[in-house]
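What follows is the residue order along each chain.
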Amino acid sequence: MPVPWFFLSLALGRNPVVLSLERVVGPQDTARCSPGLSCHLWDGDVLCLPGSLVSAPGPVLVPTGLQTELVLRCYKDTNCDLCVRVDIHLAVHGYWEEPEDEEEFGIAEDPAIEEPRNASLQAHVVLSFQAYPTARCVLLEVQVPAALVQPGQSVGSVVFECFEAALGAEVRIWSYTQPRYQKELNLTQQLPDCRGLEVRDSIQSCWALPVLNVSAHGNDVHLVVDIPEDQRFGLSLYWNQVPGPAKPWWHRNLTGPQTITLNHTDLVPCLCIQVWRLEPDSVRTSICPFREDPRAHRNLWRAAQLQLLPPRAWRLDAPCSLPAEATLCWQAPDGGPCQPLVPPLPRENVTVNKALEFPLLKGHPNICVQVSTWEKQELQECLWADSLGPLKDDMLLVETRGPQDNRSLCALEPSGCTPLLSRASTRAARLGGPLLQDVQSGQCLQLWDGDLGALWACPMEKYIHRRWALVWMACLLLAAVLFLLLLLKKNHVKAAARSRAALLLYSADDAGFERLVGALASALFQLPLRVAVDLWSRRELSAQGPLAWFHAQRRQTLQEGGVVVLLFSPGAVALCREWLQDATSAPGAHGPHDAFAASLSCLLPDFLQGRAPGRYVGAYFDRLLSPDAVPALFRSVPVFSLPSQLPEFLGTLQGPAAPHPWRLAERAEQVSRALQPALDSCFRAPGTGRGMGPEAEDRT
């Protein structure tokens, strides 16, 4: 038997009660204020534009509290709507600044200055109201006489009557002034439905309102709509997002009774249900029953994704708002915890589905975004890893600037930020002097520059073998002897294959394909293979030109017994056909960084003269290209489909001394997992959903 989950019986507040409501007559909105104040309601709604915070020029009138009351707005005895009356409490905020000269020398105040201090205060108070699918903003003009202007004291309240809302709806109310002197007040309220109020005789839509029950059974959630047979009704599922309007997810016009089935993976905290009869001006009843459900919160974090937005922005995509904070951190390649960077980005609440700028001058593969709640870290992505290569063994230096241009440098290490010229027994302290010279000589990459300091990433390759040089030399000599002995017993081909060189050539069709190539190169680099790809050699490519860079890389790769990998894509196939049809075309015209176009003049002779086998292999991605699309000339070498033929592809790259098949399959699985996020991003069509959707079935 299904276990009851939640019954749609909504009431104002936490405890369901039956309420009797006051009636107001007429459709006109009104405003009234407490004794001593004067107020006026502007005609018509206004734009909901809070604006930025500004400093108060002196005492100002601001809202300090919100209270709501439900009333019935009636046009006839049996023709009423539910309405929300809002009471805004007001107080005086701020003080007049006393001139220093008057306090010190006792100079008499200027009457022109004294006059505004004794004048009345006026404020424009905005009330913003949102209840799916309605949104309104009204403007109240309030004036306080001078006798009541006491800084820090309450002056009374103003009452707005009223905002019409649907039964059972969740309403959100904001209040602020224009201009805005403080953070806006906000209030969220769950309104009762027909069964929580004595309104059945007053609201016609309550006479035959659909009854909705929500229950769970195993991995399924059932929405049971209990209404008479043949009665038509509308059912909508939507994501009640904050900030922003609700986002419709699923909608159907159905005939009762019905049972709607949801999978438990579809649940998220902001998933709400709205049901109404298909009649003119019928009341819509809404409920958000999964707000506190643990499975819904787990699904929300699984659905959340961090995205890199070129050139230096990022976004957290999620169906609902997340109670989380985001910060930048530095991830060292040793696998330790990611260390927060403060500065440049302090912890702050994250806004989902909104582009956020990196406050950085340059990108770096070790810079990551960390999203966490007060309980634990939930997400971490090093968003530049695919485009800039694997993590680097760089030292991050934090420059702090104090008063009078005082500057200090420390190195970010697992134990903390170590001053460069200290006596600590850490790597940064031992190399403090040389690292300081690297910063001064421009050998370090400046990642951020602000008023409070700067961040520098300094390469450490040249310092790795400097310490304990004699000990390392003895170890290397011993290792060389042992290696020579092992060569006599082991197949030297197998040892050489572990570091075989591979040159990747591809056509830069679009940014998504480049990220996919970057992910493949990073995965092959971990096997290990010595991978060369133009994505990691932009500086050399710009200095030498694509043709010269390809010549040098091809010659080095083939001399070392490596292999050249041709990654075919629609753009690459088009370039090959263009070259085969007109051998005089200029490959350099395709772009300053297009090594594939530049390489065709050297590749084709090898294939035409039969020198390609053993030196070249081809590959393409399953869903991007069909096998028949690869030009026939290039099929004289093995051409593999990725990721379906990854084991054969890796075996060919590693040569005749490839590991056992079970080991190849294990490595292929590792590469496939590394490629999957880039494949999903590359082949995901814009605007598509997540594949979640409810199924409707007749109730028996």
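Computed from a predicted structure; not experimentally measured. (Residues numbered from 1 in each chain as written. Predicted model: local features only at pLDDT ≥ 70, side-chain atom pairs only at ≥ 80, totals over all residues. Heavy atoms only, no water.)

Visitor: Looking at this model, I keep getting lost on the environment of R407. Mind explaining?
Guide: Examined against the element boundaries, R407 turns out to sit in strand β28 (residues 407-413). A relative accessible area of 53% means that R407 is categorised as exposed. R407 sits 46 residues away from G453 along the chain, and the two C-alpha atoms are 8.2 Å apart. When near neighbours in sequence (up to four residues on either side) are disregarded, R407 contacts E399, T400 and R401. (Helix = DSSP H or I, 4+ residues; strand = E, 2+ residues; numbered from the N terminus. Buried < 20%, exposed > 50% of the residue type's maximum accessible area, 1.4 Å probe, protein only. Contact = heavy atoms within 4.5 Å.)

Visitor: I would appreciate a short explanation of the state of the cysteines in the present structure.
Guide: Should the sulfur atoms of two cysteines be covalently bonded, the bond is a disulfide. The final tally for this structure, using the stated rule, is 9 disulfides. With its sulfur 2.1 Å from that of its partner, C329 forms a disulfide with C338. Between C329 and C338 the disulfide shows an S-S torsion of about 90 degrees. By sign, it is right-handed. The pair C329 / C338 is uniform in exposure class, with both members buried. Between the sulfur atoms of C410 and its disulfide partner C417 the distance amounts to 2.0 Å. Torsion about the S-S bond of the C410 and C417 cystine: about 80 degrees, corresponding to right-handed handedness. Under the relative-accessibility criterion, C417 is labelled partly exposed at 34%. (Disulfide = S-S within 2.5 Å.)

Visitor: When you look at the sheet that holds strand β20 (residues 313-317) in this model, what are you seeing that I'm missing?
Guide: Strand pairing in a sheet takes place through backbone hydrogen bonds and is either antiparallel or parallel in direction. As summarised here, the arrangement of the 3 strands in space is β19-β20-β24, forming an open sheet in which the pairing is antiparallel. Looking at the sheet topology across the chains shown, the edges are occupied by β19 (305-309) and β24 (356-357). (Pairing = 2+ DSSP bridges.)

Visitor: Can you help me understand unusual backbone geometry in this one?
Guide: Working note: non-glycine residues mostly have negative phi, and peptide bonds are mostly trans. Along the chain, E161 connects to C162 via a cis peptide bond; the corresponding omega equals -5 degrees. Structurally, the position occupied by C162 is in strand β9 (residues 154-164). Following Q178, the chain continues into P179 via a peptide bond in cis, with omega recorded as -5 degrees. Locating P179 in the fold gives a position in the loop between β10 (170-177) and β11 (185-190).

Visitor: Help me out: how do you make sense of the pattern of salt bridges in this one?
Guide: Between side chains of opposite charge, a pair can form as their charged atoms come close. Applying the stated rule across the entire model yields 21 salt bridges. In this structure, the salt-bridge partner of E184 is R180, at a minimum N-O distance of 2.9 Å. Residue classification places E184 among the partly exposed positions, given a relative accessible area of 26%. On the basis of relative accessibility, which here comes to 11%, the residue R180 falls in the buried class. Residue D606 is joined to R554 by a salt bridge in which the shortest nitrogen-to-oxygen separation is 2.7 Å. Highlighted residues: D606 in helix α13 (residues 595-608) and R554 in helix α11 (residues 546-559), separated in sequence by 52 residues. Several salt bridges converge on common partners, so that one network encompasses E22, R32, E69, R85 and E161. (Salt bridge = Lys/Arg side-chain N within 4 Å of Asp/Glu carboxyl O.)

Visitor: Looking at this model, I keep getting lost on the sheet that holds strand β33 (residues 530-532). Mind explaining?
Guide: Spatially, the 5 strands line up as an open sheet ordered β33-β32-β34-β35-β36, and their pairing is parallel. Across the chains shown, the open sheet's two edge strands, defined by having one partner strand only, are β33 and β36 (639-642). Neighbouring strand axes in the sheet, compared pairwise and without regard to direction, differ in orientation by 25 degrees on average. The pairing of strand β34 (residues 563-568) with strand β35 (residues 616-621) spans 5 bridges and is parallel. (Axes fitted to C-alpha atoms, helices over the stretch in contact; angles between N-to-C directions.)

Visitor: Would you explain the environment of L567 in this entry?
Guide: Inspection of the secondary structure puts L567 in strand β34. In the structure, L567 is positioned 61 residues away from Y506 in sequence and 5.0 Å away in space, judged by C-alpha atoms. Sequence-distant contacts of L567, defined by excluding residues within four places in its chain, comprise L505, Y506, V517, L520, A572 and A619.

Visitor: Looking at this structure, I do not really get the packing of helix α9 (residues 511-525) against helix α15 (residues 661-683). What am I missing?
Guide: Helix-helix packing is described using two parameters, namely the angle between the two axes and the distance between the axes. Two elements in contact, α9 and α15, have axes whose closest approach is 9 Å; the angle formed by their N-to-C orientations is 175 degrees. The orientation of α9 with respect to α15, classified from their angle, is roughly antiparallel. In this structure, α9 uses G512, F513, R515, L516, A519, L520 and A523 to contact α15, whose residues at the interface are V671, A674, L675, A678, L679, S681 and C682. Taken together, the residues of the contact of α9 with α15 break down into 11 nonpolar, 2 polar and 1 charged. (Parallel < 35°, antiparallel > 145°, perpendicular 65-115°, else oblique. Nonpolar A, V, L, I, M, F, W, Y, C, P; charged D, E, K, R; others polar.)

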